[in-house]
Amino acid sequence: GLVSSGPTPAGSAGFSQTRLQEDQSIKVTLQDCLACSGCVTSAETVLLEHQSIAEFTAKLRETGVTVIVSVSPQSRASLAEAYGLTPEQVLRRLTAFFQQLGVAHVFDTSDSRDFSLLETAAEFVARYREAHPAGTPHPIAGGGVAGGGG
């Protein structure tokens, strides 16, 4: 697991409001949501409210279920800062920790974000080359969401 002589996440600036509820579900406050530099929609908030340590460990014990964990760059950076580690060290430690619990795969969402950006760029160039002689504009919207892969 993560071991450090540095401050704990609960003691870190900006992350003091998120609490573990009596039913072991996590309640993320707006202050903590904004402090992570990520984006949590109302649908994702509902999902977070219904997730718990008990549910996670039950899925790990369930036969025929493959548990996969994704780790966002924002999460790695936050944990790295809190524990005095590099983001790469955090990913290695989280991967080892989750695999010891029985998680089948741990993915860094940076890769999916990078693929999404490459595909968006390729689409833009193809559409621009196709449309430029005719002068017809084709707007393309792109974006990145924490944990969303692009």
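What you see is a predicted model; the values in this text were computed from it and never measured.

(A) Inspection of the overall build of the protein at higher detail. Looking only at helices and strands, one finds six helices and four strands in the protein. Classification of the 150 residues of the protein by burial places 18% in the buried group. Split by element, the accessible area of the protein, about 10,200 Å² in all, is 58% carbon and sulfur.

(B) Local environment of the confidence of the model for the protein. On average, residues of the protein score 75 in pLDDT, and 55% of them reach the 70 mark or higher. Long-range and interchain partners of residues 1-15, a stretch whose pLDDT sits below 50, account for 26 contacts in this model, where long-range means more than four residues apart.

(C) Main features of helix α4 (residues 73-83). By the burial criterion, the buried members of α4 are Arg76, Ala80, Ala82 and Tyr83. The buried residues of α4 all sit within an arc of 165° when viewed along its axis, so they share a single face. Packing partners of the buried residues in α4 comprise β3 (68-71), α5 (87-101), β4 (105-108) and α6 (110-131). Remark: Gly84 follows α4 within two positions and exhibits a positive phi of approximately 65°.

(D) Broad picture of a nonpolar patch on the surface. A contiguous nonpolar surface patch, about 280 Å² in accessible area, is contributed by Phe124, Val125 and Tyr128. With respect to the secondary-structure elements, Phe124 resides in helix α6.

(E) Focus on the packing of α4 against α5. The N-to-C vectors of α4 and α5 enclose an angle of 100°; their axes lie 8 Å apart at closest approach. Judged on the interaxial angle alone, α5 and α4 are roughly perpendicular. Along the contact surface, α4 presents Arg76, Leu79 and Ala80, while α5 presents Pro87, Glu88, Val90, Leu91 and Leu94.

(F) Region of the structure containing the nonpolar core. Of all hydrophobic cores here, the largest spans 14 residues; its most connected members are Val69, Val71, Val90, Leu94, Phe98, Val103 and Val106. A per-element tally of this core places α5 first, with four residues. Other than its neighbours up to four places away in sequence, Val106 contacts Val69, Val71, Thr95 and Phe98.

(G) Quick look at the packing of aromatic side chains. Tallied over the full model, the rule gives two aromatic pairs. Seen from their ring centres, Phe56 and Phe98 are 6.1 Å apart, and the 75° between their planes marks the pair as edge-to-face. Remark: Phe98 occurs in helix α5 and Phe56 occurs in helix α3 (residues 53-61); sequence separation between them is 42 residues. Aromatic rings pair up to connect Phe56, Phe97 and Phe98 into one cluster.

Reading the values: the criteria
Think of each chain on its own: its residues are numbered from 1, step by step along the sequence as written. Only residues with pLDDT of 70 or above have their local features reported here, since the model is predicted, and side-chain atom pairs are shown and tallied only from 80 upward, although totals for entire chains, interfaces and linings are computed over all residues. Only hydrogens and water are removed before side-chain values are computed, so all heavy atoms of the structure are retained for them. Strands here mean DSSP runs of E at least two residues long; helices mean DSSP runs of H or I at least four residues long; both are numbered from the N terminus. The classification of residues rests on relative accessible area computed with a 1.4 Å probe and restricted to protein chains. Under 20% of the type maximum is buried, over 50% is exposed, and intermediate values are partly exposed. Per-residue accessibility takes into account occlusion by the displayed protein chains alone, with areas from the Shrake-Rupley method and a 1.4 Å probe. Residue-level confidence of the predictor, termed pLDDT, takes values from 0 up to 100. Note on contacts: a residue pair qualifies if any of its non-hydrogen atoms lie within 4.5 Å across the two residues. Each C-beta atom gives one direction from the helix axis, and the arc is the one those directions make. Residues form patches when they are more than 30% accessible in relative terms and have no salt bridge. Like charges link within 9 Å. Nonpolar side chains (Val, Leu, Ile, Met, Phe, Trp, Tyr) link within 5 Å. Think of a salt bridge as a Lys or Arg side-chain nitrogen and an Asp or Glu carboxyl oxygen that are within 4 Å of each other. Every angle, taken between N-to-C directions, lies between 0 and 180 degrees, and every axis is a line fitted to C-alpha atoms, over only the stretch in contact when it is a helix. Any angle that is under 35 degrees is reported as roughly parallel, and any over 145 degrees as roughly antiparallel; angles of 65 to 115 degrees are reported as roughly perpendicular and all others as oblique. Take the buried Ala, Val, Leu, Ile, Met, Phe, Trp, Tyr and Cys residues and link them wherever side-chain atoms come within 4.5 Å; each set so joined is a nonpolar core. Any two of the Phe, Tyr and Trp rings considered here, Trp counted by its six-membered ring, make a pair once their centres fall within 6.5 Å; the pair's planes then place it as stacked at under 30 degrees, edge-to-face at over 60, or tilted in between.

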